Amino acid sequence: MPPTTGIGVYILLAVALLGFGAFAYRSWKLYRYLRLGWNEDRTQHLGKRLRDELVIYLLQRKLFKRPYLIRGLAHAFIFWGFLVITLGTTDLLTAGLAGLRMPGAESAFFVWAVDVFAALVLVSILLALVRRAFFKPPRMHIALDGYVILGLIAALMASLLVFENAGLAAGYLALHQAPPPLAQLLPLPYPAGYAASVFAAAWWVHVVTVLGFTAYLPQSKHLHIVTTLPNVFFRSQRPRGALRFVDKIEEQETFGAATLRDLSWKQHLDGYTCTECGRCSDNCPALATGKPLDPQKIVLDLRDLLLKEGDLLLKDPAATGTPPAHQLATKPEELWSCTTCAACVEQCPVTIEHIDKIVDLRRYLTMQEAAAPPEAQKAMTNIERAGNPWGEAASARGDWAEGLGVPTFAENPDAEYLYFVGCAASFDRRNQRVAKALATILQAAGTSFAILATEETCNGDPARRMGNEYLWQLQAQQNIETFARYKVRKIIASCPHCFNTIANEYPQLGGNYEVVHALQLVQDLIEQKKVTLGAGPAETVAYHDPCYLGRHNGIYEDPRAVLDAIDGVTRMEIEPHHRERGFCCGAGGGRMWMEEKVGQRVNHRRVEQILDAGNARGAQPAKVASGCPFCLIMLDEGVGAKGIAEQLKPVDVLELVAARLDHSRVSKEQPTT
Amino acid sequence: MRFLICIKQVPDSTTRVKVAPDGTSVVTDGVTWSISPYDEYAIELALEHKDTAADTIVSVISVGGPRTKDALRQALAMGCDDATLVTGDGADALGALGVANALKSAALELKPDLVLCGKQASDDDQGFVGAALAEALGWPHVAVVTKIAPSAGGTEIWKETEGGHEVWKSSGGAVLTVQKSAKEPRYPSLPGIMKAKKKEIPERPVAGLEDPVKLEIVKLEPPPARGGGKIFKDGDTKAYAAELAKLLRDEAKVL
């Protein structure tokens, strides 16, 4: 019973045309801006994309992360309510314009659902308004936009409930078998004759608000209700730890994101989709320690630049606009503060790809402008000349293994596994002990393995994350050629960065291997009883999740299982910063080789978090164990600076295992020696 | 303004140098070669000048065998405009005066306003070629230079002294031998590397150059292996201090 008769239909038609017209005009413009980005193919893996759409979009999976559960549920109710009510709204409009009813629109279930969800949305919206106004979340970007949107939605829901209610009073809805359950609970305070007018007024308010909302949508951050659908669908299906490959790099004319055209259309879609919720910033270790980086701001800066310069770039195909890396707001220091720890990517409810953007901008600074920080340049020169970022003598790479009976591939070409030692464990004295620990464990288990010694070179990860894709490719190719020479198929890495780049990034250059992190292998060996561990003293060990093991590769359980298998060890979680909320040590993204002068050092904050977690449980751990050489270096420095090196000892889990090896049961046959 | 930078290719400072069995040369297998570090600072000094004055031309030259081209390409990648290789049989065996003569004949042709060298090469540490080249050209020579700046009618040259600087001024050609300075030599941009790969590097023959003084290496010896060191453990700190002072005075003879 839409109150549109006679001229009403024309008025509705005019309002609808205005609303949808404004929406279409702005959307077309935004689409053309977006297509300024280069044409990245995101159509592979259809099955996975549909699954993401179901889990991340429809089921709102990423909204229910640990610290955001309640807020996430409130959002989910608004979202699900919106889906139902959008159907109801479509029905209203078609009925009002053409008298057409959607099939099932009058069913008891649909009437019930619209009514109940309208009330749920209204309650959630009121909660959201109260939260914004009185309990402002620390890093949420509060702007008028948010209030306008919430106000519009509240008006929509309120008018919906009123016209349902007045419809009941006027007898329009009484004909149905099942009246809206909540609307009918409300009193019907209309004197006879007024109910029809209230119904008509509320109906018009509702419909005009819907159309106003439609027109306003693409001007606001609320556009995410439209763009999240494609943004989730087209999200990167690369392994999270893999950066985008630059094919035929020697033939390119510019490198990295020199202009807005050098970011892909999907990067721009990310900008449209950002809801400004601030979860990325909330979890960023750089921002938390006072660095100039704010991941949300990077996304929004790029979006704002696109909105500002989009017309200019569309008009003149030769125009380059402001280089995004130079944009007034996005300063190089922001980009260089990133540790690529993926805390932002992990948390983003709408699958925005922060790291890809930061690295694209770094690529421009490093390769195009040669403007990387001086320490980063030094590290890259060292990788070029010595095959390691520290500039240690390449000829000394295998020295750590002297006298340990560890063969090289040249000596034992039939070895089953290559142990890719990595630069840290090859040259850093502290980490050499970790390499030795692993060698001892593998020998005890009778695992057939060999190393490459001087034939190994840096895997390239630091260079790639500093934006030097070219150097990464050179390093990777060199290793891939060496692996091919020895027909290497299986690789063990004790460094999560070596592990990640060989497992997830070498395939981009045709290097496909079965890669395991040492702790995964050791967990297997313990399970298969090839490694048996003797008794030891009781001690509490905190486990620190390395980003490139945990968040980037989802390896949370194996290291924990290894710790749990050690007699006497009580594992402690560094709550609440553990597992997918693990806090970076500060060394990733090439930061290991860059100075950290601004704010608090990330590793110092990490040590404080360990102490806080210890305080919360009433006892401090004796050790903090990790599975990454850089975490170990950073934690060592952190406890040293805090003067607690005696109380809290950073170790690698492998060292704990090696110290407990039950040598009485070591296999007599050792194919590796 | 035109610069001529003379560079030498040396074993990279990250390389562990080993004495060859003949006892008079080093093993070159597995050695990474790069531009001698002070020469890199010389390049950086000229390129910084070019950053501010676009009409600057920075030429780079080296004397050596075919692999020396890699060093020249690296210099081109950093941003030098052109490179010349003086090469041919015996190029590697040329003595310091011979090298200076080779550079002189090139300099007379290229007509630079300033010639820059590193203050010494990191392999033999002689610090001879720059001064010899100045002598051969009949140009003034300023050593341990850390900065140059244009000034009316010439160039201001900052020379490092103990705890400070002397500022010299040159009104014509000069040879400067360059010291390490605060600005690290730049990392090449990728467009720079790609351009450098395609650039032609003209060669000048080494044949017919005068090499009046021949020095012969009689013997090379690696430095003696370092001793084990001493670690004080468990005990009275005061006693350590006394013991340490005694050892430093009597055994190490440094006090």
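Our subject is the structure that appears above.
Given the structure is predicted, the values throughout are model-derived calculations rather than measurements.

S.K.: Help me understand the overall build of chain B, please; the structure alone is not making it clear to me.
M.R.: Helix and strand counts for chain B come out as six helices and 11 strands. With respect to the principal axes defined by its C-alpha atoms, chain B has extents near 70 × 50 × 40 Å. Looking at chain B as a whole, 36% of its 255 residues are labelled buried. Within chain B, residue pairs in contact and separated by at least 24 positions form 70% of the contacts whose partners lie at least 6 positions apart.

S.K.: Would you mind showing me how to read the overall build of chain A here?
M.R.: Along chain A, the regular secondary structure elements total 25 helices and eight strands. In chain A, which comprises 673 residues, the proportion classed as buried is 48%. Within chain A, contacts between residues at least 6 apart in sequence are counted, and of these 81% link residues at least 24 apart.

S.K.: What should I look at first to understand the sheet that holds strand 6 (residues 569–573) of chain A in this one?
M.R.: Where strands meet in a sheet, backbone hydrogen bonds hold them as pairs that are either parallel or antiparallel. All names here are of chain A. Taken together, the four strands give an open sheet; going across it, the order is 6-5-7-8, and neighbouring strands pair in parallel fashion. Across the chains shown, the open sheet's two edge strands, defined by having one partner strand only, are strand 6 and strand 8 (649–652). Going across the sheet, the axis of each strand differs from the next one's by a mean of 35 degrees, ignoring polarity. Direction of pairing for strand 5 (residues 539–543) relative to strand 7 (residues 623–626): parallel, over a ladder of three bridges. Directly across from Val541, in strand 7, lies its bridge partner Lys623.

S.K.: It is not clear to me how unusual backbone geometry should be interpreted in this structure. Could you clarify?
M.R.: Most peptide bonds adopt trans geometry, and most residues besides glycine take a negative phi value. All names here are of chain A. The linkage connecting Glu575 with the following residue, Pro576, adopts the cis geometry, with an omega of 0 degrees. Of note, Pro576 is situated in the loop between strand 6 and helix 23 (602–617). Phi is positive for Lys529, close to 60 degrees, though the residue is something other than glycine. Taking the number of C-beta atoms within 10 Å as the measure of exposure, Lys529 has 9 and is therefore exposed.

S.K.: Help me understand the packing of helix 4 (residues 108–134) of chain A against helix 5 (residues 144–169) of chain A in this model?
M.R.: For any two helices packed against each other, the geometry is given by the interaxial angle and the distance between the axes. Residues and elements named next belong to chain A. Viewed as axis vectors pointing N to C, helix 4 and helix 5 meet at an angle of 150 degrees, and their least axial separation amounts to 9 Å. Of the possible angle classes, the one that applies to helix 4 and helix 5 is roughly antiparallel. Note on packing geometry: the crossing formed by helix 4 with helix 5 is left-handed. Within the contact between the two elements, helix 4 uses Asp115, Ala118, Ala119, Val121, Leu122, Ile125, Ala128, Leu129 and Arg132 and helix 5 uses Gly146, Leu150, Ile153, Ala154, Met157, Ala158, Leu160, Leu161 and Glu164. Across the contact of helix 4 with helix 5, the residue classes tally to 14 nonpolar, one polar and three charged.

S.K.: Looking at this structure, how should I read the packing of helix 2 (residues 46–58) of chain A against helix 7 (residues 224–233) of chain A?
M.R.: Residue and element names in this part refer to chain A. It is the contact of helix 2 with helix 7, at a shortest axis distance of 8 Å, that shows an interaxial angle of 135 degrees. Comparing the axis directions of helix 2 and helix 7 gives the class oblique. In the crossing of helix 2 with helix 7, the sense of the turn from one axis to the other is right-handed. Counted together, Arg49, Asp52, Glu53, Ile56 and Tyr57 of helix 2 and Thr228, Leu229, Val232 and Phe233 of helix 7 form the full contact between these two elements.

Parameters and conventions
Residues numbered from 1 in each chain as written. Chains lettered and ligands numbered in written order. Predicted model: local features only at pLDDT ≥ 70, side-chain atom pairs only at ≥ 80, totals over all residues. Helix = DSSP H or I, 4+ residues; strand = E, 2+ residues; numbered from the N terminus. Buried ≥ 20, exposed ≤ 12 C-beta atoms within 10 Å, placed from the backbone. Contact = placed C-beta atoms within 7 Å. Pairing = 2+ DSSP bridges. Axes fitted to C-alpha atoms, helices over the stretch in contact; angles between N-to-C directions. Parallel < 35°, antiparallel > 145°, perpendicular 65-115°, else oblique. Left-handed = near helix turned anticlockwise from the far one by under 90°. Nonpolar A, V, L, I, M, F, W, Y, C, P; charged D, E, K, R; others polar.

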